[in-house]
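# Geometric and topological summary
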Amino acid sequence: MSVATAALAAFSDVVGAAAVREATRHDAVQGVIPQLVIEPGDEDQVAATLREATRRQLAVVARGSGTKLEWGASPSRCDVILSTRRLDRLVEHQPDDLICVAQAGMRLASLQTALAQASGHQQRLMLDPPQGDAATLGGIVATAATGSLRSRYGTPRDLLIGVRFALADGTVGHAGGKVVKNVAGYDVGKLLTGSLGTLAVITELAFKLHPCAPVSRSIVFADASASGLAGFVQRLRSLPVVPSVVDIAWPDGLVAVRVDSSEEGAERQAATIIAAAGGRALTESEAIGLSARLAHRPWDRPGVIAAVTVPPTRLAELLQVCADFASEAIVRGLVPAGEARLPQDSGDVIAMRTAVELLGGHLALHRAPAAVAELAWPAREGAEVDLMRSLKQQLDPAGILSPGRHLAGV
């Protein structure tokens, strides 16, 4: 019996023959083709799958819907894809406490639909990452993916209040809980956020929810210069308003702002912004059209996609860097962080990475050919690298979980 055949038989005993298959080229992770695809049906089967993989020294890459497998570096090995497709259930919704608990393989769109259908309650998980309709909750957390709503509600780590996970040796753990103020000591949930599956496989998540505002108002501010756009954002910071979206589209030369509140509150905030900072109010049809045009940028065209972030005081300089090296960028102005699309040229990527770092910021690639990604990935030495290696050694000493996908080949 071959090694692959023996492994298939062993994993079939763990999850059932129907939940194991041989991989194809369509299952490749950045060009690395695995041997098997395994779809556990519950947390116990996830743990048992990892235990067997560790025993056989098979490298495992966790996959949700696969929308962000190109994020991070190529894995140094990938023998098994562990699919969370069958872990797709809303476990609990407590509307009075504004929390929900869902399995890691549940798609964000499915969760939002389930929450919207809850009788008498209009609540949402305020995340809108790239490919959000298809993205799974576990994948969103594992990649720390964000979108326009980051300006008001933060990142996945800000909304995550509890997590269940399985370690490489099959140990099942949990952190946090179902109460917003329920985290003490080592917050494993925050460690797993953005870990790209290198530390554990997430099986279940608890999130803080928010009520849906009944009314939205949108404002657009246009200026051809980076300093003009940054100046508008700076004026916006000082106002008594709470915008949900502040997106700078570059080189379009505009800032799209949205406020969500009661009808009176939304009107008052929009009027305050226009009077004190500038811009003009959009009609409902104009707002819908602008949102649709910006929704999938800069992901909707070929090229390298880089995530960038800088200190708030360097926003104008970041926009100028984007003008120098990027084809386009969408930047969350209040953070400021966003994504830029660059030519598939390592020289441009390295130059932009260097320029962003000189501003005190950081660049990480979310879509790029392997050769370009290797050149632009952060340095392989330093305190952050030592910390990542230490965490990896503590949580995955066998080194089987997504090896090589994170910082410094971790």
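Now for a quick tour of the structure.

Calculation criteria
By convention here, each chain's residues receive numbers from 1 onward along its written sequence. Restriction of local features to residues with pLDDT of at least 70 applies here, the model being predicted, together with a cutoff of 80 or more for giving and counting side-chain atom pairs; totals for whole chains, interfaces and linings are based on all residues. Excluding hydrogens and water, the side-chain values take into account all heavy atoms of the structure. For the exposure calls, accessible area comes from a 1.4 Å probe over protein chains only, and a residue counts as buried if that area is under 20% of its type's maximum, exposed if over 50%, partly exposed in between. In this description a helix means any DSSP run of H or I spanning at least four residues, a strand means any run of E spanning at least two, and both kinds are numbered starting from the N terminus. When DSSP finds two or more bridges between a pair of strands, those strands are recorded as paired. Side-chain atoms within 4.5 Å link the members of a nonpolar core, which is a set of buried Ala, Val, Leu, Ile, Met, Phe, Trp, Tyr and Cys residues. Note on contacts: a residue pair qualifies if any of its non-hydrogen atoms lie within 4.5 Å across the two residues. Expected span, for any helix, means 1.5 Å times one less than how many residues it has. Any pair of nitrogen or oxygen atoms within 3.5 Å is treated as a polar contact; in protein, a donor-acceptor pairing is required on top of that, and neighbouring residues in sequence qualify only through side-chain atoms on both sides. The criterion for an aromatic pair is that two Phe, Tyr or Trp rings (for Trp, the six-membered ring) have centres within 6.5 Å, with stacked assigned to planes under 30 degrees apart, edge-to-face to planes over 60 apart and tilted to the rest.

## Observations concerning the pairing of strand S14 (residues 254-261)
Counting buried positions over the eight residues of S14 gives seven, a clear majority of the element. One ladder, built from eight bridges, connects strand S12 (residues 215-222) with S14; its direction is antiparallel. Each residue of the ladder has a partner; that of Ile 219, found in S14, is Val 257. Sheet topology note: the strand S13 (residues 243-250)/S14 ladder contains six bridges and is antiparallel. Opposite Pro 243, over in S14, you have Val 259 as the bridge partner. Hairpin geometry of S13 and S14 is characterised by an intervening segment of three residues between the two adjacent antiparallel strands and by a positive phi of about 75° at Gly 253.

## As for the nonpolar core
Side chains that are nonpolar tend, in soluble globular proteins, to be buried together. Within the largest apolar cluster, 46 residues are counted, with the highest numbers of intra-cluster contacts made by Phe 232, Ile 273, Met 352 and Leu 365. With six residues, the top contributor of residues to this core is helix H8 (residues 226-237). What Ile 273 contacts, discounting residues up to four positions off in sequence, is Ile 219, Phe 232, Leu 236, Leu 239, Val 241, Val 257, Val 259 and Gly 278. In this structure, Leu 125, Ala 135, Leu 209 and Val 245 belong to the second largest nonpolar core, which totals 32 residues.

## Re the environment of Ala 266
Following the sequence through the fold, Ala 266 ends up in helix H9 (residues 263-277). A sequence separation of 122 residues divides Ala 266 from Met 388, and the C-alpha atoms of the two residues are 44 Å apart. Once you skip the residues sitting within four places of it in the chain, Ala 266 turns out to touch Val 215, Arg 217, Val 259 and Ser 261.

## Points about helix H2 (residues 43-56)
Its 14 residues place the ends of H2 20 Å apart at the C-alpha level, agreeing with the 20 Å of an ideal helix rising 1.5 Å per residue. For H2, the buried fraction is high: 10 of the 14 residues fall into the buried class. Taken residue by residue, H2 has Glu 43, Gln 45, Val 46, Ala 47, Ala 48, Thr 49, Leu 50, Glu 52, Ala 53 and Thr 54 as its buried positions. Where H2 begins, one side-chain oxygen reaches toward the backbone nitrogen of Asp 44, 3.2 Å away; that side chain belongs to Asp 42. Among the residues trailing H2, Gln 57 stands out with phi positive, at a value near 55°.

## Examining the packing of aromatic side chains
Each aromatic ring pair is summarised here by two numbers: the centre-to-centre distance and the angle between the ring planes. Tallied over the entire structure, the rule returns two aromatic pairs. Geometrically, the ring pair formed by Trp 71 and Trp 299 is stacked, given 5.8 Å between the ring centres and 10° between the ring planes. Here Trp 71, found in the loop between strand S3 (60-63) and strand S4 (80-83), pairs with Trp 299, found in the loop between helix H10 (284-294) and strand S16 (304-309); they are 228 residues apart in sequence, far enough to count as distant. Of the two residues examined, Trp 71 and Trp 299, each falls in the buried class.

## A short note on the pairing of S4
Consecutive side chains of a regular strand alternate in pointing toward one face of the sheet and then the other. Where burial is concerned, the two faces of S4 agree: the one with Val 80 and Leu 82 and the one with Ile 81 and Ser 83 are both buried. Summarising the sheet, strand S2 (residues 36-38) and S4 pair through three bridges and their orientation is parallel. Bridge pairing in S4 places Ile 38 opposite Leu 82. The pairing of S3 with S4 spans four bridges and is parallel. Counted as the bridge partner of Val 60 is Val 80 from S4.

Geometric values such as these leave the question of function open.
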